Amino acid sequence: MFADNKDNSGVSSRTRAAPLRLALQWLESQSAVESHIAPLLLQARLTKEKLIVVDDFLPFEVASRASSLVLEDAARNEKGDWSSMSYEEVAHEADAIAHDFDYAEAEDISGGEHLSDAVSWIFPDLIPVFSIARYTEGHHIDAHDDKAHVPIEMKGKGEVLHSRKYAAIYYLTPTWKASYGGVLVDEVTGTHIVPKFNRLVLFEVPRLHRVTAVRPNAPPRLSVFGWWLTPGKLYELDLSGLTHFLPNEGRGTLRGALFGWTHTDKFADIIDKAGLVNKCSVLCLAWAALNVTKASIREVRAVVAESIVDSRFRSQTLSTLLLLDRVLTTLSVALPLIVAYLSHSNGPRVTSIGGCRESFVAGVSLLWRQPFAVGDAIEIPSLNVFGKLLQFGIFNSVIEDLDGRPVTVPNAALAAGAVVNRSRARLRLCRLDILVMPPSSSQLNSFLEDARRNVGGSVNISSITCDGVGITAKVMVKNDATFDATKGDLYAKLLESAEKHEVELSFEKRVVFQPPASE
Ligand SMILES: O=C(O)CCC(=O)C(=O)O
Ligand SMILES: [Fe+2]
């Protein structure tokens, strides 16, 4: 219905008015799609040219109608069915390494399934694996070659290893401009392919390519992306193939790698639910184990799969440590060896961890030594940071400071200087700053004396302004004393002395637990 009667824009007058329903109906018809595709001679061209770019791939009206559904879904900008591939731990840093992109299963996005089916019918005899991608500001993929081995359950044959044979990307964002970034760079020829609406890119795997970062103010960059699989090992996953295991590599390749590792649905599910920090840690560790021990991928895969299925993996903060422990014990890898390897190697895979390498190494070493645990009050004098350790990541840790703000500290900084673990200290100091309004200086003095006795610590004048007299009270408390109880107690005692000497007391201005060493 849409393939005939084209004018120059590829749209017939009838199709211009075609409602969404007709567009979807057309996409659902394999024969309609196949007869539209056949004259494009894609297979023949691909065999000859290895990478081809096809503009106006589907009838314009069909492409617009169906992709408008995907656009609507993506524009809602809620998480919904979209999963993030961004590296959350470093994403807010100025030179964050791996923003990557969001992806969704084609069948979860309305219109997405229709479009990915249509693309998959280019090679109806191969096994298609397609998803929908959404790239927004900063999202990109570093150079990779898409190679992956994927075990597929075949009726009567059990599991059969497949390889990715062809890759396709079909772009869905109308009016995409080169200035928005998000350009697909074919590293073989240096060609820059702008993700124009209704443009299809096909290439034979392996082929080195990357996606440049999407610029601010660009609309979401949407695409159908994926591969066709064929039975057998088309290629070896050589060292460059190992880049697939790194967190900042493409979602497609990463997923493929994960899938290839474990081949259980359970694994894929759990890893998706477990959160990216863990995924990345697993990948880093497995990658390190592979390199250090020269263990076979099969061995590492078994260990990783087993560890991940373990329910402990789901508790975010300890998971890395548990996993590390598990992987290392099973593989009998000496930790210092991994640390040494990571810090001295300057191979391409380590470089792609970029500025985070030191922090990763520090993270591994801190996990091993455990000088502090999540929940501990820690102080980093060199950074002037004091607060509760909220999260311990493989690259960064998060400390909640006294104002309740999360402060992200690279592990390299944690390992570099002194870190005081207040939770493991015996005593600590509680300091309270407050304003008093004494009727006379003699009443102020008698209040101070009384207060010192009452609180069992020091109570001194810190400032005198027209608003009143600033008082600082300090008291040593047991380390396990809670902040609120200590604060309340200190305030109550000051109030008692103040009332006794007819001194007016304001509400506390600031109360902090402080390390005694800094006094
Ligand atoms: O979106 C693109 O242009 C390329 C995507 C890609 O290379 C991948 O997902 O592996
Ligand atoms: Fe790719």
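Rules of the game
Residues numbered from 1 in each chain as written. Chains lettered and ligands numbered in written order. Predicted model: local features only at pLDDT ≥ 70, side-chain atom pairs only at ≥ 80, totals over all residues. Heavy atoms only, no water. Near = heavy atom within 4 Å. Polar contact = N/O pair within 3.5 Å; in protein donor to acceptor, adjacent residues only side chain to side chain. Areas by Shrake-Rupley, 256 points an atom, 1.4 Å probe, with all protein chains shown as cover. Helix = DSSP H or I, 4+ residues; strand = E, 2+ residues; numbered from the N terminus. Nonpolar A, V, L, I, M, F, W, Y, C, P; charged D, E, K, R; others polar. Axes fitted to C-alpha atoms, helices over the stretch in contact; angles between N-to-C directions. Parallel < 35°, antiparallel > 145°, perpendicular 65-115°, else oblique. Contact = heavy atoms within 4.5 Å. Phe/Tyr/Trp six-rings, centres within 6.5 Å; stacked < 30°, edge-to-face > 60°. Buried < 20%, exposed > 50% of the residue type's maximum accessible area, 1.4 Å probe, protein only. Lys NZ or Arg CZ within 6 Å of the ring centre and 35° of its normal.

Trainee: Hey, could you run me through the site of ligand 1 in this one?
Mentor: All residues adjacent to ligand 1 are Tyr 135, Ile 141, His 144, Asp 146, Ile 169, Tyr 171, Leu 184, His 209, Val 211, Arg 221, Phe 225 and Trp 227. Contact distances for ligand 1 include 2.8 Å between an oxygen atom and a side-chain N or O atom of His 209. Taking 290 Å² as the accessible area of ligand 1 by itself, protein coverage stands at 98%. Of all the secondary-structure elements, those providing two or more residues to the shell around ligand 1 are strand 5 (141-144), strand 7 (158-171), strand 11 (209-211) and strand 12 (221-231). Per element, the largest residue contribution to the shell around ligand 1 is three residues, and it comes from strand 12. For the shell around ligand 1, the per-class residue count stands at eight nonpolar, two polar and two charged.

Trainee: For this particular structure, what's the right way to read the packing of helix 2 (residues 20-28) against helix 5 (residues 60-75)?
Mentor: Each pair of packed helices gets described by two things: the angle between the helix axes and the distance between those axes. For the pair helix 2 and helix 5, the least separation of the axes is 9 Å and the interaxial angle reads 100°. Classified by the angle their axes make, helix 2 and helix 5 are roughly perpendicular. Counting all contacts with helix 2, which are made through Leu 20, Ala 23, Leu 24, Trp 26 and Leu 27, the residues of helix 5 involved are Val 62, Arg 65, Ala 66 and Leu 69. Along the lines of polarity and charge, the residues of the contact of helix 2 with helix 5 split into eight nonpolar, no polar and one charged.

Trainee: Would you mind showing me how to read the packing of aromatic side chains here?
Mentor: Applying the stated rule across the entire model yields seven aromatic pairs. For the pair Phe 123 and Trp 228, a centre-to-centre distance of 4.8 Å together with 90° between the ring planes defines the contact as edge-to-face. On the criterion of sequence distance, the pair formed by Phe 123 in the loop between helix 6 (112-120) and strand 4 (127-135) and Trp 228 in strand 12 is long-range, its members being 105 residues apart. Trp 228 matches Phe 123 in its accessibility class, with the two residues each being buried. Ring geometry for Trp 176 and Tyr 180: centres 5.1 Å apart, planes at 75°, overall edge-to-face. Here Trp 176 and Tyr 180 have matching classes, each one buried. Stacked on the ring of Trp 227, the Lys or Arg Arg 164 has its end atom at 3.5 Å from the ring centre. We note Arg 221 situated over the ring of Tyr 135; from NZ or CZ to the ring centre the distance is 4.6 Å.

All quantities given are derived from atomic positions and should not be read as evidence of function.
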